[in-house]
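# Residue-level structure breakdown
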Amino acid sequence: MSGNGAGNPYLQGNYAPTSTTLLAESCQFEGIIPEEFLGGQYIRNGSNPLDVDSDRELHWFDGDGMLTGVYFKRTVEPPGVQPVFSNQYVLTDIHCATVHNKSLSPIIPSMTTMVNPKPARFHMLLQLLKTYAIAIASNLRLIACPIKRVGASNTNILYHDGRVLATNEIGPPMRISLPSLKTVGWFTGAKAEGEADTGDISEPFFGGKGIEGFYKEMTTAHPRVDPYTQELILFHSTFLPPFVHYSIVPAGCPLTASPRLNKPVPGLAAGKLMHDFGVSRRYTVLLDCPVSLDPSNFTYSRSAVEYDRTGRTRLGIFPRHCPEKIEWQDTDACIVMHTASTWDEDVPDGVRVHILLCRMNSLAPLYHMGGLEAPEHACARKPECRLYYYQLGPQITQQWALSTIPFEFPHVPRHLEMHAAQFIYGCSMRKGDFVDTNLTSVKIDCLVKVDVQRLIATGMSCPPSQIHGVVDQRTLDEIIATDHSEDSIKVFPLPVGWYAQECSFVPRHNGKTEDDGWLVTYVFDESQLDEYGQAGPDSRSELWVIDAVGMKDVVARVFLPQRVPYGMHGNWFSEEQIASQKPYERFRSL
């Protein structure tokens, strides 16, 4: 694959990185921006490779983290609000070092190298030797910007205890300041770099010294924040025994007065590609899918990441603060990148845990994101990515799909997390699937609202066949054509040629129903692409505010000064959260 992205659909069109960063650029808009948006900010994290001109391998997961936000600034003059656009790189160690010296890139082997079904042992050996040499040079301070951590902070963004955190699988969270999107510093559970010493605990909750501490810092990109206790719940998956650690970071000061947790999770025999998990009010659910992660495979000319579709997927359930009590329950092989909602309830014979997740039966997208054809063993004859319901007790008692439609990038309103929320929002497409076997990129042209509690009740009244059964068997086109106000599934189809990204829900103050609010997302009109499918410098994206009740009306459109590449995960931050950020002493800089 050439460095300019030739052959990689995730480096083409509106997936291609943008080279321009802006700070506080005012935007025009049309429509009515709801009062609930004033003083708040929508931010989306994503991969934006700094260097695409070399001949090195590139994967969509590899890119430098870039945050793109629209801040709804209050104004005295009518209409009382001014949307302000900003996009900034997350100033990680790797980003800062490669800005000064592009020859250092890649500092760690690309995910494309890790998943390549036909790895070149000599090439991989050179990559690893280069990584170790850079690590040694960093420790000896022979590099202008020493590299202590290799995380890219390019996947997700969330709020916990006065801190906004950008996350990624291979490093700890990075604290960001809003609304500027400037980088404060790494956060390892006690305080972030750049913050003042307040006399509380300064030792990290997770991580530590030496190579073992380095691996323990590899934090899930999807930590969970309990909206009631404000605890931050995380896991740390590596390819070294015991393979998974589990942490809870309490909120409030002094931290010495609150319980904290950092323990190994028993029952794992190998490193796994583990991206997300489920957390209810009282229980945690880990997902052990048959996707191995073992760099030593290169010595046998095998891929470091392999999917065994004849294996088993395991769900590990334990009380939130007791990972040592984990109980594993297994089912047919599948891949889960994202969970949607997890909740628990008391029943006469104990406790029942419910989890909604996006179940995939193919690993093909992981290869496509690196410009690689997926090997046969990673694909399914009939690829599917659906919203699934699992009911867990002493064993898995129910497991079936709520709908046949493609469904990924799920979103539950943040204030309803760990609760039996009625509605789950997500992304879909009228053509193709999230796990298409052809070498292509994902294009989201539909946002979907699913009344999950109604579909679960329908399924429980006459349970579908386990694992492969489906409650609602309509296609996406059939649902769109139905257009019934009381439908369990409502679809917002974008105009032809327009594509969206993951959405977030903004609730109406004193809303009468759970869905009383708006969805916010970035959209792009691909008619702006040239005859070669490339986005020119004048291409622009928009931010749309969509009525979540009817899923029909765009109540406001914000016209952005540049395009926003298709990215990963976004979040809405309220005016109160922005105002209550913890103080800091300094930002990171290049």
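Just so it is clear, the structure is predicted and the values come from calculations on it, not from any experiment. (Residues numbered from 1 in each chain as written. Predicted model: local features only at pLDDT ≥ 70, side-chain atom pairs only at ≥ 80, totals over all residues. Heavy atoms only, no water.)

## Quick look at the state of the cysteines
To be explicit about the condition: We call a pair of cysteine sulfur atoms a disulfide when they lie within 2.5 Å. A 1.4 Å probe rolled over the protein chains alone gives each residue an accessible area, and that area as a share of the maximum for its type sets the label: buried under 20%, exposed over 50%, partly exposed in between.
Going through the model one piece at a time under the given rule, you end up with zero disulfides. Among the cysteines around cysteine 427, which has no disulfide bond, cysteine 503 carries the closest sulfur, lying 5.5 Å off. Among the residues examined, cysteine 427 registers a relative accessible area of 0% and is labelled buried.

## Things to note about a nonpolar patch on the surface
Counted only if it meets this: By definition, no residue in a patch forms a salt bridge, and every one has over 30% relative accessible area; like charges are joined within 9 Å, nonpolar side chains (Val, Leu, Ile, Met, Phe, Trp, Tyr) within 5 Å. The method behind every accessible area is Shrake-Rupley, applied with a 1.4 Å probe, and residues are considered shielded solely by the protein chains displayed. Counted as salt bridges are all cases of a side-chain nitrogen of Lys or Arg within 4 Å of a carboxyl oxygen of Asp or Glu. Runs of H or I in DSSP of at least four residues are treated as helices and runs of E of at least two as strands, each being numbered from the N terminus.
A cluster of nonpolar side chains, namely Phe122, Leu125, Leu126 and Leu129, defines an oily patch on the protein surface of about 420 Å² accessible area. Among the structural elements, leucine 129 can be located in helix 3 (residues 121-139). Residue classification places leucine 129 among the partly exposed residues on the basis of a relative accessible area of 49%.

## Thoughts on the sheet that holds strand 25 (residues 423-428)
The line we're drawing: Any two strands between which DSSP finds at least two bridges are classified as paired. Under this scheme, a helix contributes an axis fitted over its contacting stretch, all axes are lines through C-alpha atoms, and angles between N-to-C directions fall in the 0 to 180 degree range. Whether two residues touch is decided by their heavy atoms; if any such pair falls within 4.5 Å, the residues are in contact.
Here we have four strands laid out as an open sheet, ordered 24-25-26-28, and antiparallel in their pairing. The sheet is open, and its two borders are formed by strand 24 (408-411) and strand 28 (489-493), each paired with just one other strand. Ignoring which end each strand starts from, the neighbouring axes of this sheet average 20° apart. Of the strand pairs in this sheet, strand 26 (residues 446-451) and strand 28 are connected by five bridges, and their pairing is antiparallel. Residue lysine 449 lies in a different strand from strand 28, and its bridge partner there is lysine 490. Contacting strand 25, strand 26 and strand 28, helix 6 (residues 452-461) crosses the sheet at an angle of about 55° to strand 26.

## Here we look at unusual backbone geometry
Here the amide bond leading from leucine 178 into proline 179 is cis, since omega sits at 5°, within 30 degrees of zero. Along the chain, proline 179 turns up in the loop between strand 8 (174-177) and strand 9 (182-186). Of note, the amide linkage connecting proline 241 to proline 242 takes the cis form, showing an omega dihedral of 5°. A positive phi angle, near 60°, is found at alanine 24, a position not held by glycine. Turning to its location among the elements, alanine 24 is positioned in strand 1 (residues 22-26).

## Comments concerning the side chain of histidine 354
What counts, and what does not: Within 3.5 Å is the distance limit for a polar contact, defined as a pair of N or O atoms, with the added protein rule that one can donate a hydrogen and the other accept it, and that residues adjacent in sequence qualify only through two side-chain atoms.
Among the structural elements, histidine 354 can be located in strand 21 (residues 350-360). Classification of histidine 354 as buried rests on a relative accessible area of 5%. Separated by 2.7 Å, the side chains of histidine 354 and tyrosine 389 make a polar contact. Histidine 354 has contacts with Ser341, Thr342, Trp343, Glu345, Tyr389, Tyr390 and Gln391, leaving out every residue within four places of it along the chain.

## A few points about the pairing of strand 22 (residues 385-392)
Both faces of the sheet carry side chains from a regular strand, because those side chains alternate between them. Counting buried positions over the eight residues of strand 22 gives eight, a clear majority of the element. The pairing of strand 21 with strand 22 spans eight bridges and is classified as antiparallel. Within the sheet, the bridge partner assigned to valine 353 lies in strand 22 and is leucine 392. Bridge analysis of strand 22 against strand 23 (residues 396-403) gives five bridges, and the strand direction is antiparallel. When the sheet's bridge partners are listed, glutamine 391 is paired in strand 23 with glutamine 398. Linking two consecutive strands that pair antiparallel, namely strand 22 and strand 23, is a turn of three residues.

## Here's the deal with the nonpolar core
As a rule of thumb, soluble globular proteins bury nonpolar side chains together. The line we're drawing: The criterion is simple. A nonpolar core is a set of buried Ala, Val, Leu, Ile, Met, Phe, Trp, Tyr and Cys residues joined through side-chain atoms within 4.5 Å.
Judged by nonpolar contacts, the single largest core of 94 residues is most densely connected at Leu356, Leu363, Tyr390, Leu392, Leu402 and Leu447. Not counting residues up to four positions away in its chain, the partners in contact with leucine 402 are Leu356, Leu387, Tyr389, Val452, Leu455, Ile456, Val470, Val471 and Asp472. Counting 21 residues, the second largest nonpolar core, distinct from the first, contains Leu22, Ile33, Tyr42 and Val520.

## Remarks on the pattern of salt bridges
Tallied over the entire structure, the rule returns 34 salt bridges. With its nearest N and O atoms 2.7 Å apart, the salt bridge here joins aspartate 515 to lysine 449. With aspartate 515 in the loop between strand 30 (504-507) and strand 31 (517-525) and lysine 449 in strand 26, this pair connects stretches of sequence that are 66 residues apart. When the shortest N-O distance is used, the salt bridge between glutamate 585 and arginine 586 registers 3.6 Å. By relative accessible area, glutamate 585 is classed as exposed at 56%. When its relative accessible area of 48% is taken as the criterion, arginine 586 is described as partly exposed. The network of salt bridges with shared partners includes Asp93, Arg149, Glu193, Glu217 and Arg588.

## Things to note about the pairing of strand 11 (residues 232-237)
Within strand 11, six of the six residues are buried, which leaves the element mostly enclosed by the surrounding structure. Neither face of strand 11 is open: one carries Leu232, Leu234 and His236, the other Ile233, Phe235 and Ser237, and all of them are buried. Across two bridges, the pairing between strand 10 (residues 224-225) and strand 11 is antiparallel. What sits directly across from valine 225, in strand 11, is leucine 232. What sits between strand 10 and strand 11 in their antiparallel hairpin is a turn of six residues, with glutamine 230 showing a positive phi close to 65°. For strand 11 and strand 12 (residues 244-249), the ladder comprises six bridges, and the chain directions are antiparallel. In the strand pairing of strand 12, serine 237 is matched with valine 244. Connecting strand 11 to the antiparallel partner strand 12 that follows it, the hairpin turn spans six residues, and phenylalanine 243 within it adopts a positive phi of roughly 80°.

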